[in-house]
Amino acid sequence: MTDVTGKVAVVTGGGNGIGLATSEALAAAGATVYIGDINEKAGLAAAESIRAKGQKAEFVRLDVTDDESISSFASTVLEKEGKVSIVANVAGWGKIQPFMENDPDFWDLVVDLNLMGPMKVTRAFLDSMIEQKEGKIVVVSSDAGRVGSMGEAAYSGAKGGAIAFCKGLAREMARYNIHVNAVCPGPTDTALLAAVPEKHREAFVRATPMRRLAKPSEIANTILFFSSPSSDFITGQVISVSGGISMHG
Ligand SMILES: NC(=O)c1ccc[n+]([C@@H]2O[C@H](COP(=O)([O-])OP(=O)(O)OC[C@H]3O[C@@H](n4cnc5c(N)ncnc54)[C@H](O)[C@@H]3O)[C@@H](O)[C@H]2O)c1
């Protein structure tokens, strides 16, 4: 039931880390995947490696903080494929720094990337999804957005906003058979986490009952679940894939 054969999927931030693993998982499950990433080299390599396995993937450059780029990305994909059934909003970024040391430009970037990006990319595909009465939208948030994270106040706010956006949109879109759900990774072994000081990474592992970082493929599996018929009666929900670092009622 995690078969998505014949579906067209868009993955933002699909060139690296969790986005790359998501692109691989969706393509392996039968989708044609459009990788949107600001990093052309990584995006092209990701699409190439998926095609080398006999699966379907294309790279189209995308900057989720740029309205024109989002609009040209969406029209390129829609012109080629006619419709898109899955939008996985994975691109995002943050860094650990006390709130009192944050520059307001940093807040703008964090909110643009982690909240406005998913909102705008999702909006760009909704008319087509409403018309076809079918859609799976997944937003990658973070446990920071559920419980707050030390040194990541602005990021926690943006990721929390992304969760609330999913819930509100899920209510509005249910009548069109469009599902909207959020996945919250805990600390995951990607380049984003490699940029975090070693002492913080060690503290993350100590705080995780399963005593290790997540693999990107483990987050991708849940994104695939929310993108597939396995989750056809689930909307407006949030799943933490975090080895138990946070537990929610
Ligand atoms: N790694 C973790 O520990 C962790 C934990 C919780 C949440 N997350 C979230 O998971 C998502 C993926 O993170 P990751 O760890 O795989 O990061 P990553 O840095 O490994 O990959 C992010 C990808 O997004 C792309 N990207 C960056 N800015 C972009 C933009 N403006 N437009 C389009 N693409 C852009 C990058 O080029 C890169 O390919 C993010 O939303 C992140 O906030 C990660």
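Here the structure is shown first, and the text comes after it.
Cut-off values and rules
- Residues numbered from 1 in each chain as written.
- Predicted model: local features only at pLDDT ≥ 70, side-chain atom pairs only at ≥ 80, totals over all residues.
- Heavy atoms only, no water.
- Core = buried A, V, L, I, M, F, W, Y, C linked by side-chain atoms within 4.5 Å.
- Buried < 20%, exposed > 50% of the residue type's maximum accessible area, 1.4 Å probe, protein only.
- Helix = DSSP H or I, 4+ residues; strand = E, 2+ residues; numbered from the N terminus.
- Contact = heavy atoms within 4.5 Å.
- Axes fitted to C-alpha atoms, helices over the stretch in contact; angles between N-to-C directions.
- Left-handed = near helix turned anticlockwise from the far one by under 90°.
- Nonpolar A, V, L, I, M, F, W, Y, C, P; charged D, E, K, R; others polar.

Another aspect to go through is the nonpolar core. Grouped together as the largest cluster of nonpolar side chains are 39 residues, with contacts concentrated most on Val10, Val77 and Phe125. Looking at this core, the elements with two or more residues in it are β1 (8-12), α3 (67-81), α4 (104-132), β5 (135-140), α6 (153-173) and β6 (178-185). Top element by residues in this core is α6. It accounts for ten residues. Other than its neighbours up to four places away in sequence, Phe125 contacts Val10, Phe73, Ala74, Val77, Leu78, Val84 and Val87. Core analysis: the second largest hydrophobic core is formed by 30 residues, Ala25, Ala29, Val140 and Phe226 among them.

Moving on, we come to the packing of α3 against α4. Taken N-terminus to C-terminus, the directions of α3 and α4 make an angle of 35°; their axes are 9 Å apart at the nearest point. Crossing hand, α3 versus α4: right-handed. For the pair α3 and α4, contact is made by Asp67, Ile70, Phe73, Ala74, Val77 and Leu78 and by Lys120, Val121, Ala124, Phe125 and Ser128, respectively. Split by residue class, the contact of α3 with α4 holds eight nonpolar, one polar and two charged.

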